[in-house]
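# Geometric and topological summary
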Amino acid sequence: MEGVIDHHMRHLLTRIGGYDHCVTEFVRISDQLLPPVVFHRICPELTHESQTKSGTPVTLQLLGGEPDVMAENAQRAIELGAAAIDINFGCPSRFTNSKAGGAILLKEPERIYSITAAVRRAVPDEISVSAKIRLGYETTDLAMENARAVEAANASFITVHARTKVDGYHYPARWEWLGKINDALAIPLIANGDIHSVDEFLRCREMSNCEDFMLGRGAVIQPDLARQISAIQSNNAVEPMLWHEIVAVIIEMTKLMQTQPAMQDKKVLGRIKQWLAYLKRHYPEAALLFGEIRGMKQLSPVDALLRGNLGH
Ligand SMILES: Cc1cc2nc3c(=O)[nH]c(=O)nc-3n(C[C@H](O)[C@H](O)[C@H](O)COP(=O)(O)O)c2cc1C
């Protein structure tokens, strides 16, 4: 998730557990082959066999609209060590030029096909190439056609965020579509959208009949959600993390960010506030803490307040 789940977060969340894979923020491709430094910035795991420190494979995500340029960049990502490539056809942000990428392409299934097929051809067969779509741009009319285009292009699997672009991130996601698309495809479908709690996972599973799931915001709203879901899927039980354990992870994230060269306190503070804003949807303690720190401009008093939560 762009601006939210960077390599530090991927490290911390996959260490908590429950993930088979995780995905980078998107690498935006316009009209040229990007230099290696861009790929390394978004996916520092490239130099660690494309795995987080806890050994979870990291998929590199590309966003762009020109098949040849996407293919060239996919090839470069693989040369640099990417373990798998995902193509983003879901990002709602606006592009004004003909090199558009993301959800706008959902209006053109044939472009979804040609981009996915070009990337697939450029990447060795044994390396997974997948695509992530929404149900459409304004309507769901092309949902099935877009999903079929991904399959026809020989993608390894498809992730479906069960909303249109116009739906934005509004609740509720249309889980009923996931089962319909899943039934029509032979490739695996990964269900995504509004799985923010164990209860929502159970309801999504029931409504969609899917077996594989992707967490978006749920991964940061409840950092051990994947671990809890994974336990349910294997008929095990696991204790939910306690608030003080979550706080310890936030403190660790703060420290990791501070090790980055030229990292400003302001940015670290912004990320702490951002995470608490997500966490407060699940933890009442996070709402309290967020209220206390939201107006603060310095990192050290925020750090002290976080540490004060460690003993609770
Ligand atoms: C701030 C933000 C950034 C996101 N960045 C990406 C991204 O880079 N790549 C991607 O595939 N999806 C991205 N998404 C979409 C999520 O992965 C997910 O598909 C969507 O939020 C629906 O799932 P959720 O309800 O579990 O969050 C982003 C979502 C948000 C809110």
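Calculation rules
- Residues numbered from 1 in each chain as written.
- Predicted model: local features only at pLDDT ≥ 70, side-chain atom pairs only at ≥ 80, totals over all residues.
- Axes fitted to C-alpha atoms, helices over the stretch in contact; angles between N-to-C directions.
- Helix = DSSP H or I, 4+ residues; strand = E, 2+ residues; numbered from the N terminus.
- Parallel < 35°, antiparallel > 145°, perpendicular 65-115°, else oblique.
- Left-handed = near helix turned anticlockwise from the far one by under 90°.
- Contact = placed C-beta atoms within 7 Å.
- Buried ≥ 20, exposed ≤ 12 C-beta atoms within 10 Å, placed from the backbone.
- Pairing = 2+ DSSP bridges.
- Right-handed = clockwise from strand over helix to strand, strands pointing away.
- Core = buried A, V, L, I, M, F, W, Y, C linked by C-beta atoms within 7 Å.
- Domains from an automatic or database assignment.

To continue, consider the packing of helix α10 (residues 243-258) against helix α11 (residues 265-279). One way to put it is that α10 packs onto α11 with a least axis distance of 10 Å and a crossing angle of 155°. Taken together, the axes of α10 and α11 lie roughly antiparallel to each other. The handedness of the crossing between α10 and α11 comes out as right-handed. Contact residues: Ile246, Ile250, Thr254, Met257 and Gln258 in α10; Val268, Arg271, Ile272, Trp275 and Leu279 in α11.

Most of strand β5 (residues 157-164) is tucked away: seven of the eight residues are buried. Two elements, strand β4 (residues 128-136) and β5, share six bridges in a ladder whose sense is parallel. Within β5, the position partnered with Arg134 by the bridge is His161. Since β4 and β5 lie parallel, the crossover through helix α5 (residues 143-152) that links them has a hand, and here it is right-handed. Note: β5 against strand β6 (residues 189-192), four bridges, orientation parallel. Its bridge partner being in β6, Thr159 is matched across the sheet by Ile190. Crossover connection from β5 via helix α6 (residues 176-184) to parallel β6: handedness right-handed.

Strand order in the open sheet formed by seven strands is β1-β2-β3-β4-β5-β6-β7, and the pairing between neighbours is parallel. A single partner strand is all that each edge strand has here, and the edge strands are β1 (22-28) and β7 (212-214). Neighbouring strand axes in the sheet, compared pairwise and without regard to direction, differ in orientation by 30° on average. Bridge analysis of β6 against β7 gives three bridges, and the strand direction is parallel.

On to the nonpolar core, then. Counting 86 residues, the largest nonpolar core has Leu62, Ile85 and Val119 as the members making the most contacts within it. The contacts of Ile85, once residues within four sequence positions are left out, are Thr59, Leu60, Leu62, Ala74, Ala77, Val119, Val123 and Val129.

The domain architecture assigned to the chain consists of domain 1 (7-233) and domain 2 (243-308). Each of domain 1 and domain 2 has a C-alpha centre, and these two points are 28 Å apart. With eight residues of domain 1 at the contact, the number on the domain 2 side is 11 residues. Those elements that provide at least two residues to the side of domain 1 that touches domain 2 are α1 (7-16) and α8 (218-221).

Omega for the peptide link from Tyr171 to Pro172 comes to 0°, which places this bond in the cis form. With respect to the helices and strands, the residue Pro172 is situated in the loop between β5 and α6. Despite not being glycine, Asp194 shows a phi value in the positive range, around 65°. Its place among the elements puts Asp194 in the loop between β6 and α7 (198-208). Owing to 23 C-beta atoms within 10 Å, Asp194 belongs among the buried residues under this scheme.

Turning our eyes to something else, we now look at the pairing of strand β2 (residues 58-63). Counting buried residues along β2, five of its six residues qualify, which places the element largely inside the surrounding structure. Pairing between β1 and β2: five bridges, direction parallel. Among the inter-strand pairings, Phe26 is bridged to a residue of β2, identified as Gln61. Tracing the backbone out of β1, into helix α2 (residues 36-42) and back to the parallel element β2 gives a crossover that is right-handed. Regarding topology, helix α3 (residues 67-79) serves as the crossover connection from β2 to the parallel strand β3 (residues 84-89), and that connection is right-handed.

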